[in-house]
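A look at the structure
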Amino acid sequence: MSGNLTVVLITVAVMLSVVVWFDRRCLADLAQTDDGELRHFDRNTWALIIVLSFPIGPALYAIYGKGPGRYR
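Summarised in this report is the structure supplied together with it. (Residues numbered from 1 in each chain as written. Predicted model: local features only at pLDDT ≥ 70, side-chain atom pairs only at ≥ 80, totals over all residues. Heavy atoms only, no water.)

Time to look at the nonpolar core. Counting residues in hydrophobic clusters, the biggest one holds six residues: Cys26, Leu30, Leu38, Trp46, Ile50 and Tyr61. If you list the elements that add at least two residues to this core, you get helix H1 (2-32) and helix H2 (43-52). Apart from the residues within four sequence positions on either side, Cys26 is in contact with Ile50, Pro58 and Tyr61. (Core = buried A, V, L, I, M, F, W, Y, C linked by side-chain atoms within 4.5 Å. Buried < 20%, exposed > 50% of the residue type's maximum accessible area, 1.4 Å probe, protein only. Helix = DSSP H or I, 4+ residues; strand = E, 2+ residues; numbered from the N terminus. Contact = heavy atoms within 4.5 Å.)

So, in structure tokens, the structure goes:
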């Protein structure tokens, strides 16, 4: 029984680590982006969207947050 609990705790810890890493990565990208490159919302609004609505928020920022040609 304690083996199952250990697996569950490790799985939750790994998933939480991925969530925190992805949010931090998106927020770091947001901090380095010029205001002129942001689309649809301002910096503070994008930060709230990223933090409060995982995983949809970071995905929306990755798709719609910056202008065309961001990966060139």
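Turning to the packing of H2 against helix H3 (residues 56-64), a few remarks are in order. Two elements in contact, H2 and H3, have axes separated by 6 Å at closest approach and are oriented at 135 degrees. Relative to H3, the element H2 is oriented oblique. The residues of H3 that touch H2, namely those facing Trp46, Ile49 and Ile50, are Gly57, Pro58, Leu60, Tyr61 and Tyr64. Of the residues contributing to the contact of H2 with H3, the split by class is seven nonpolar, one polar and no charged. (Axes fitted to C-alpha atoms, helices over the stretch in contact; angles between N-to-C directions. Parallel < 35°, antiparallel > 145°, perpendicular 65-115°, else oblique. Nonpolar A, V, L, I, M, F, W, Y, C, P; charged D, E, K, R; others polar.)

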